[in-house]
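Letter by letter, the chains look like this.
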Amino acid sequence: MGTGRLSIDLSAIVANWQALASLARTPAAPVVKADAYGLGVGPVARALAAAGARQFFVAYAEEGFALRRALGPGPEIFVLSGHMAGDARLVAECGLTPVVNSVDQLMRHLESVPGQPFGLQLDTGMNRLGMEWNEWAAVAEIALSQNPVLLMSHLACADEPDHPMNAYQLDLFRQMTDGLNVPRSLSATGGILLGPDYHFDLVRPGIGLYGGLPFEHARPVATLDLPVIQVRDLQAGEVAGYGNAWQAQRPSRLATVSAGYADGLLRSLSHKVTLWHGDTPCPAVGRVSMDLIIVDVTDLPEDPEHLSILGPHQTIDQLADAAGTIGYEVLTSLGTRYARSHRE
Ligand SMILES: *Cc1c(COP(=O)(O)O)cnc(C)c1O
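Each value, and the rule that gives it
- Residues numbered from 1 in each chain as written.
- Predicted model: local features only at pLDDT ≥ 70, side-chain atom pairs only at ≥ 80, totals over all residues.
- Heavy atoms only, no water.
- Helix = DSSP H or I, 4+ residues; strand = E, 2+ residues; numbered from the N terminus.
- Areas by Shrake-Rupley, 256 points an atom, 1.4 Å probe, with all protein chains shown as cover.
- Lys, Arg positive; Asp, Glu negative; His and termini not counted.
- Charge placed at Lys NZ, Arg CZ, Asp CG, Glu CD.
- Pairing = 2+ DSSP bridges.
- Right-handed = clockwise from strand over helix to strand, strands pointing away.
- Contact = heavy atoms within 4.5 Å.
- Axes fitted to C-alpha atoms, helices over the stretch in contact; angles between N-to-C directions.
- Domains from an automatic or database assignment.
- Buried area = accessible area lost by both parts, 1.4 Å probe.
- Salt bridge = Lys/Arg side-chain N within 4 Å of Asp/Glu carboxyl O.
- Polar contact = N/O pair within 3.5 Å; in protein donor to acceptor, adjacent residues only side chain to side chain.
- Nonpolar A, V, L, I, M, F, W, Y, C, P; charged D, E, K, R; others polar.
- Phe/Tyr/Trp six-rings, centres within 6.5 Å; stacked < 30°, edge-to-face > 60°.
- Buried < 20%, exposed > 50% of the residue type's maximum accessible area, 1.4 Å probe, protein only.
- Lys NZ or Arg CZ within 6 Å of the ring centre and 35° of its normal.
- UniProt positions renumbered as here; feature names shortened; annotations may be inferred.
- Arc of directions from axis to C-beta.
- Parallel < 35°, antiparallel > 145°, perpendicular 65-115°, else oblique.
- Left-handed = near helix turned anticlockwise from the far one by under 90°.

Trainee: It is not clear to me how the overall build of the chain should be interpreted in this structure. Could you clarify?
Mentor: When its secondary structure is counted, the chain shows 11 helices and 16 strands. The principal-axis extents of the C-alpha atoms in the chain amount to approximately 75 × 40 × 35 Å. Carbon together with sulfur atoms contributes 50% to the accessible area of the chain, which is approximately 15500 Å² in total. Between the centroid of the 23 positive side chains of the chain and the centroid of its 36 negative side chains there is a distance of 5 Å.

If you want it as structure tokens, here you go:
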């Protein structure tokens with residue numbers, strides 16, 4: 001088989017979900033947007049539902065459609081982009097719960113699918129989504145009379161526990177929602193780790209489920225092994241890859257593995273990333289190309305059949321560091337060419 005093997009440990013995802021829910025002492029609604037951060041929304045959401053998750057978040061109504069098909073009736077599916085023009089049919093037929101972000105979205109929702117549940121997002125300073133103070137003050141009474149099922153906001157700096165923005169947003173969220181008698185949600189993974197003040201009635205973990213920072217105690221979830229297509233010997237002074245960007249300093253043996261930047265192994269990993277054969281590190285050499293990476297295997301006692309790029313020696317966050325990005329982007333970039341398997 002020519003493609004890399006991406007293996008996803010569903011029991012680790014479930015364990016991470018349980019760990020975050022018990023830290024928060026509230027229900028934890030898995031965030032499964034972007035195909036469960038690239039790991040496969042069907043198997044991931046079904047495993048979490050089987051473990052007891054009753055509420056989920058997606059980004060768009062179209063993702064809600066796919067999730068409803070995977071889960072069947074029952075679980076509540078919140079849509080973070082709210083109620084966009086043209087969403088009414090999906091919202092009604094799939095029983096989605098838009099988290100409306102503006103007065104326009106609120107009116108659209110109430111007019112097009114009256115009686116269909118909805119939540120409300122309030123902006124507490126991130127300036128990305130949600131109603132601001134004045135807008136909320138103007139429509140809160142009308143909105144509350146329609147019985148929203150959730151009031152939520154989102155923290156901009158929760159991965160930096162000491163950042164003053166956290167307390168500022170918490171305070172504003174309280175001022176906007178105290179005493180309203182509607183379930184509240186403020187925290188994603190980072191906020192869960194900030195402590196009980198941030199937990200309210202529902203938390204929304206995403207990256208922590210999938211083994212990423214800032215949840216340091218997360219169990220790793222994804223392993224990625226790349227098959228070696230070809231191995232060759234070079235003399236000192238020979239070069240490898242596009243742009244002759246690497247030159248052998250000693251007699252070398254190079255293995256070419258099948259995955260590249262089209263598979264989310266970002267070109268910025270060039271000259272920076274290490275692959276692993278068992279416990280032995282094997283540095284990649286030259287530039288990452290679209291479908292291929294060249295690896296120095298000179299120090300291995302025998303030619304490898306596979307090299308690992310995500311596994312016990314390299315987490316998504318370590319790979320992200322090498323690429324100059326974050327674990328979220330590593331996961332959501334992995335693409336569709338790998339042979340994926342989901343382990344129970
Ligand atoms: C993506 C997202 C989450 C999940 O965030 P993580 O940092 O992955 O836990 C929660 N809430 C909102 C509004 C989001 O956009």
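After that view of the structure, there is still more to cover.
Trainee: It is not clear to me how the pairing of strand β3 (residues 76-79) should be interpreted in this structure. Could you clarify?
Mentor: In regular strands, side chains alternate between the two faces of the sheet. Pairing analysis gives four bridges linking strand β2 (residues 55-58) to β3, with the strands arranged parallel. Looking at the pairing, F57 lines up with F78 of β3. Taken together, β2, helix α4 (residues 61-71) and β3 constitute a β-α-β crossover, and its handedness is right-handed. Across three bridges, the pairing between β3 and strand β4 (residues 96-100) is parallel. Across the sheet, the residue bridging to I77 is L96, located in β4. Between the parallel pair β3 and β4, the chain is carried across by helix α5 (residues 88-94), and the sense of this crossover is right-handed.

Trainee: So what exactly am I meant to see when it comes to the sheet that holds strand β7 (residues 184-185) here?
Mentor: Note: strands within a sheet are paired through backbone hydrogen bonds, in either parallel or antiparallel orientation. With parallel pairing, the six strands of this open sheet are ordered in space as β2-β3-β4-β5-β6-β7. Lying at the two open borders of the sheet, with one neighbouring strand each, are β2 and β7. Direction of pairing for strand β6 (residues 150-152) relative to β7: parallel, over a ladder of two bridges. Considered in β7, the bridge of M152 is made with S185. Strands β4 and β5 (119-121) of the sheet are contacted by helix α6 (residues 103-112), whose axis makes an angle of about 150° with β4.

Trainee: It is not clear to me how the domain arrangement of the chain should be interpreted in this structure. Could you clarify?
Mentor: Annotation of the chain at the domain level lists domain 1 (10-210) and domain 2 (222-343). Using C-alpha coordinates to define each centre, domain 1 is positioned 37 Å away from domain 2. Between domain 1 and domain 2, the residue contacts involve 10 residues of the former and nine residues of the latter. Together domain 1 and domain 2 conceal approximately 850 Å² of surface at their shared face, both sides included; 65% is due to carbon and sulfur atoms. On the surface where domain 1 and domain 2 come into contact, there are zero salt bridges. There are three residue pairs in polar contact (both at pLDDT 80 or more) connecting domain 1 and domain 2. Mapped onto the side of domain 1 that touches domain 2, the elements with two or more residues apiece are α1 (10-24) and α2 (33-37). Looking at side-chain class alone, the side of domain 1 that touches domain 2 contains seven nonpolar, three polar and no charged residues.

Trainee: Explain the packing of aromatic side chains to me, please; I cannot follow it from the model alone.
Mentor: The relation between two aromatic rings is expressed through the spacing of the ring centres and the mutual angle of the planes. Tallied over the full model, the rule gives four aromatic pairs. With a centroid separation of 5.1 Å and an interplanar angle of 90°, the aromatic rings of F173 and F200 are classed as edge-to-face. Separated by 27 residues along the polypeptide, F173 in helix α8 (residues 164-177) and F200 in the loop between α9 (189-192) and β8 (222-234) bring together distant segments of the chain. Classification of F173 by relative accessible area gives buried; the value is 0%. Over the ring of F57 we find R204; its NZ or CZ atom is 6.0 Å from the centre of that ring.

Trainee: Explain the side chain of S81 here, please?
Mentor: Relative to the elements of secondary structure, S81 occurs in the loop between β3 and α5. Polar contacts involving the side chain of S81 include one to the main-chain carbonyl oxygen of A59, which spans 2.7 Å. In contact with S81, not counting residues within four places along its chain, are A59, Y60, V99, N101 and Q105.

Trainee: When you look at the UniProt feature "binding site: substrate" (unreviewed entry) in the chain in this model, what are you seeing that I'm missing?
Mentor: The sites that carry the UniProt feature "binding site: substrate" (unreviewed entry) are, in the present numbering, R128 and M290. With a sequence span of 163 residues, these residues are also far apart in the fold, their greatest C-alpha distance being 33.4 Å. Its place among the elements puts R128 in the loop between β5 and α7 (133-145). Dropping the residues within four chain positions of it, R128 is found in contact with D123 and H154. Looking at where M290 falls in the secondary structure, it is placed in the loop between β13 (280-285) and β14 (292-296). For M290, a relative accessible area of 43% gives the class partly exposed.

Trainee: Help me out: how do you make sense of α4 in this one?
Mentor: The α-helix advances 3.6 residues per turn, and as a result positions three or four apart in sequence lie on the same side. All of the buried residues in α4 are A61, E63, G64, L67, R68, A70 and L71. Buried positions in α4, seen along its axis, are confined to an arc of 160° and lie on one side of it. Looking at the buried residues of α4, the elements they touch are α2, α3 (41-50), β2, β3, α5 and β4. Residue G72 follows α4 closely and has a positive phi angle near 75°.

Trainee: Can you help me understand the packing of α3 against α4 in this one?
Mentor: Describing two packed helices takes the angle between their axes plus the distance from one axis to the other. Where α3 meets α4, the axes come as close as 9 Å, and the angle between the chain directions of the two elements is 55°. As the angle between them shows, α3 and α4 are arranged oblique. Crossing angle aside, the handedness with which α3 passes α4 is right-handed. Each of V41, G42, A45, R46 and A49 in α3 lies in contact with α4, whose residues at this interface are L67, A70 and L71. Its residues assigned to classes, the contact of α3 with α4 comprises six nonpolar, one polar and one charged.

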